[in-house]
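Chain by chain, the residues:
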Amino acid sequence: MKAPTYRPAYRSVEGLVPYQTGKPIEEVARELGLSQVVKLASNESPMGMPEAASRAAAEAATKASRYPDGGCYELKRLLARKHGIPEERIVLGNGSNDILELLAQLLVAEGDETVYAWPAFIVYRLATMAHGGRGIEVPLDAGMGHDLDAMARAITARTRIVFIANPNNPTGTYVTRKRLESFLDHLPHTVVPVLDEAYFEYAIEHEGYPDGVAMAREGRPLAVLRTFSKAYGLAGLRVGYAVMPEGLASLLNRIRQPFNVSSVAQAAAAAALGEAAFVGRAVRLNSTEMERVTKGLEALGLSCVPSAANFILVDLAGRNGEEVFRALLKLGVIVRPMAGYDLPKTIRVTIGLPEENGLFLEAMSTAIKKG
Ligand SMILES: *Cc1c(COP(=O)(O)O)cnc(C)c1O
């Protein structure tokens, strides 16, 4: 039988490269015959999830023969109370990725543009191109931060969305409230500003870092994304949310899957919201260990981009990131090579537990001596 030809609705899809996820621990252990493998590749919380969240998830799993609550009533109520925002302004997603995708699906038509920094979170590119849009990628400034002036200049009549990851992934840099507000003040009303605050809990302690949800509460027409995948430790359950103007939320709720957040994820996230002390410990551990890892790398003659998140971008001083990645892999440490982000001489490393970071620094010292 002759195979059919598959022609995507948008030619832009043919140019996409599938998203590269961090290598799973089990796969590396199996392939290399290693018994101990440390994964510092996907910015997950090394502390895992709060116990109350795993208990709630286990309990919810016993009732998972039923469909979830499609409106996420309880979780949304808790989020509305936490943020002082009406429930009508909150959209839940199967991870915040889901909401990025929904925003593009809703707002981007063929030939439309989105504006974002490059390198930034690659999902902005994927979501844009999946819907026939053109991603306008504005190079980071010399300090590896967002160049908001250049981004403002990149906006045209065709721009539908501007994505700002704050802090940015893979650099960990952030834009200050002052600079963000002046950028937003000049943004045309036809553009939806999307502020991706996946690392909010880590970043909020940093000087001048803006709280996007507070800005939205004060009336800025922003879509602000938060997630349970990072500091809350629920990455595998897939749950994130966004705060946005009610009119936009109402449109997204029409196109999302009716059951886009599983009952297990809803229950765990609701329980995790009550665990502020756990999140506080995770953030403190991160900041102590960030300092230690940075100093350790500097002692090896490498430099890092100052990060407000739970990962750092390491400048390998001319070495090839893919080679260092593979050398580390053989020593049982999984990090993320960055060639896909046009940063071939860097790696991105998630801050882990103290012993994991110790193993990483040791492996790093071996890996770069070889290279
Ligand atoms: C990790 C990350 C997310 C989170 O994605 P989820 O789908 O919520 O797991 C979103 N944005 C950025 C920039 C990230 O790094």
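Look up a bit, the structure's there.
Residues numbered from 1 in each chain as written. Predicted model: local features only at pLDDT ≥ 70, side-chain atom pairs only at ≥ 80, totals over all residues. Heavy atoms only, no water.

Visitor: Help me out: how do you make sense of the packing of helix H4 (residues 96-107) against helix H5 (residues 123-130) in this one?
Guide: In a pair of packed helices, the angle between the axes and the distance between the axes together describe the arrangement. Put simply, H4 and H5 touch, their axes get as near as 8 Å, and they point 35° apart. Relative to H5, H4 is oriented so that their crossing is right-handed. Of H5, the residues touching H4 (which contributes Asn-97, Leu-100, Glu-101 and Ala-104) are Val-123, Tyr-124, Ala-127 and Thr-128. Looking at side-chain class alone, the contact of H4 with H5 contains five nonpolar, two polar and one charged residues. (Axes fitted to C-alpha atoms, helices over the stretch in contact; angles between N-to-C directions. Helix = DSSP H or I, 4+ residues; strand = E, 2+ residues; numbered from the N terminus. Left-handed = near helix turned anticlockwise from the far one by under 90°. Contact = heavy atoms within 4.5 Å. Nonpolar A, V, L, I, M, F, W, Y, C, P; charged D, E, K, R; others polar.)

Visitor: Can you help me understand the sheet that holds strand E9 (residues 303-304) in this one?
Guide: Paired through backbone hydrogen bonds, the strands of a sheet run either parallel or antiparallel to each other. Ordered in space as E9-E10-E13-E12, the four strands form an open sheet in which the pairing is antiparallel. Strand pairing shows two members of the sheet lacking a second neighbour, E9 and strand E12 (336-337), which therefore form its edges. Examined bridge by bridge, E9 and strand E10 (residues 311-315) share two bridges and lie antiparallel to one another. Residue pairing for E10: Ser-303 is matched across the bridge by Asp-315. Packed on one face of the sheet, helix H12 (residues 276-299) meets E9 and E10 and runs near 10° to E10. Seen against the sheet, helix H13 (residues 321-330) touches E12 and strand E13 (346-350) and runs at an angle of roughly 40° to E13. (Pairing = 2+ DSSP bridges.)

Visitor: Honestly, the site of the ligand in this entry has me stumped. Any pointers?
Guide: Neighbouring the ligand are the residues Gly-95, Ser-96, Asn-97, Phe-121, Asn-169, Asp-196, Ala-198, Tyr-199, Thr-227, Ser-229, Lys-230 and Arg-238. The separation between an oxygen atom of the ligand and a polar side-chain atom of Asn-169 is 2.8 Å. Protein contacts shield 94% of the accessible area of the ligand, which totals 390 Å² for the unbound molecule. Class assignment of the residues belonging to the shell around the ligand gives a composition of three nonpolar, six polar and three charged. (Near = heavy atom within 4 Å. Polar contact = N/O pair within 3.5 Å; in protein donor to acceptor, adjacent residues only side chain to side chain. Areas by Shrake-Rupley, 256 points an atom, 1.4 Å probe, with all protein chains shown as cover.)

Visitor: Where do I start with the pattern of salt bridges in this structure?
Guide: Once their charged atoms are close, side chains differing in charge can pair, the charge on each being opposite to the other. Scanning the entire structure with this criterion turns up 16 salt bridges. Between Glu-44 and Lys-39 there is a salt bridge, with the nearest N and O atoms lying 3.1 Å from each other. For Glu-44, a relative accessible area of 31% corresponds to the partly exposed category. One network of salt bridges, in which partners are shared, links Arg-177, Glu-181, Asp-185, Glu-218 and Arg-220. (Salt bridge = Lys/Arg side-chain N within 4 Å of Asp/Glu carboxyl O. Buried < 20%, exposed > 50% of the residue type's maximum accessible area, 1.4 Å probe, protein only.)

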